[in-house]
Amino acid sequence: MTPAAAHRTYTLLGPDGQLCRSGTPGTLGGHRRGRLYGRLDCPSALRAIARGHYAEHRVFFPDQATAIAAGHRPCAVCLPDEYARWKTTRESSSASS
């Protein structure tokens, strides 16, 4: 590891929705305005990044629990099982209201 890599820091979104610095890169990427998160290799996110404008609202999370705590939902494209659970939970909460 190079000396520069040993001191690299990453900006992640914390569970409180605030940006924080970390010595460990995020494992999930998200979109701040869309309030969703997914894998770093998500085809939908990569297409959006290639079209431009998405990157300025891109955020990163250390893990799924932090993304959820920050109020983001799973991506339907790259996390279909998590998205289905989220949608079912959301619909059942709306029905009981």
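Above this text is the structure in question.
A short tour of the structure in this document, coming up. (Residues numbered from 1 in each chain as written. Predicted model: local features only at pLDDT ≥ 70, side-chain atom pairs only at ≥ 80, totals over all residues. Heavy atoms only, no water.)

Looking at the overall build of the protein chain
Put simply, the test is: Secondary structure is summarised from DSSP: a helix means a run of H or I of at least four residues, a strand means a run of E of at least two, and numbering begins at the N terminus for each. Using a 1.4 Å probe on the protein chains alone, a residue whose accessible area is under 20% of its type maximum counts as buried, one over 50% counts as exposed, and one in between counts as partly exposed. Every residue pair with non-hydrogen atoms within 4.5 Å of one another is taken to be in contact. Only the protein chains shown count as cover for residues, with accessible areas throughout obtained via the Shrake-Rupley method and a probe of 1.4 Å. Positive charges are assigned to Lys and Arg, negative charges to Asp and Glu, while His and the chain termini are left out of the count. A charge is said to be at NZ when it belongs to Lys, at CZ for Arg, at CG for Asp and at CD for Glu.
Along the backbone of the protein chain there are four helices and six strands. Burial status across the protein chain gives 28% buried among its 97 residues. Partitioning the contacts of the protein chain with sequence separation of at least 6, the portion at a separation of at least 24 is 54%. For the protein chain, the exposed area adds up to about 6,300 Å²; of that, 55% sits on carbon and sulfur atoms. Here the protein chain contributes 13 positively and 7 negatively charged side chains, and the mean placements of these two sets differ by 6 Å.

Focus: the packing of aromatic side chains
Selection criterion: Only the six-membered ring of Trp is used, alongside the rings of Phe and Tyr, when aromatic pairs are assigned; centres must lie within 6.5 Å, and planes under 30 degrees apart are stacked while those over 60 apart are edge-to-face, with the rest tilted. Distance and angle both matter: a charge sits over a ring if NZ of Lys or CZ of Arg is within 6 Å of the ring centre and within 35 degrees of the ring normal.
For the structure on display, the rule yields two aromatic pairs. A ring pair is formed by tyrosine 37 and phenylalanine 61, whose centres lie 6.5 Å apart and whose planes are at 75°; its orientation type is edge-to-face. Here the residue tyrosine 37 occupies a position in strand 4 (residues 36–39), and phenylalanine 61 occupies one in strand 5 (residues 58–61), the gap between them amounting to 24 residues. Classification of tyrosine 37 as buried rests on a relative accessible area of 0%. Seen in terms of ring centroids, tyrosine 83 and tryptophan 86 are 5.5 Å apart; in terms of plane orientation they differ by 35°. Their pairing is tilted. Of this pair, tyrosine 83 and tryptophan 86 are both found in helix 4 (residues 80–95), three residues apart, which corresponds to roughly one turn of the helix. The exposure class assigned to tyrosine 83 is partly exposed, which follows from its relative accessible area of 21%. The lysine or arginine in question, arginine 73, covers the ring of tryptophan 86, its NZ or CZ lying 5.7 Å from the ring centre.

Brief notes about the side chain of arginine 58
Along the chain, arginine 58 turns up in strand 5. If we skip the residues at most four places from it in the chain, arginine 58 touches Gly29, Gly30, Leu40, Ala45 and Ile49.

Regarding the sheet that holds strand 6 (residues 73–74)
For sheets, the rule is that strands pair by backbone hydrogen bonds, running either parallel or antiparallel. Inclusion rule: Paired strands, in this sense, are two strands between which DSSP finds at least two bridges.
Here four strands make up an open sheet; going across it, the order is 5-3-4-6 and the pairing mixed. Both edges of this open sheet fall to strand 5 and strand 6, since each of them pairs with a single strand only. Pairing analysis gives two bridges linking strand 4 to strand 6, with the strands arranged parallel. When the sheet's bridge partners are listed, leucine 36 is paired in strand 6 with arginine 73.

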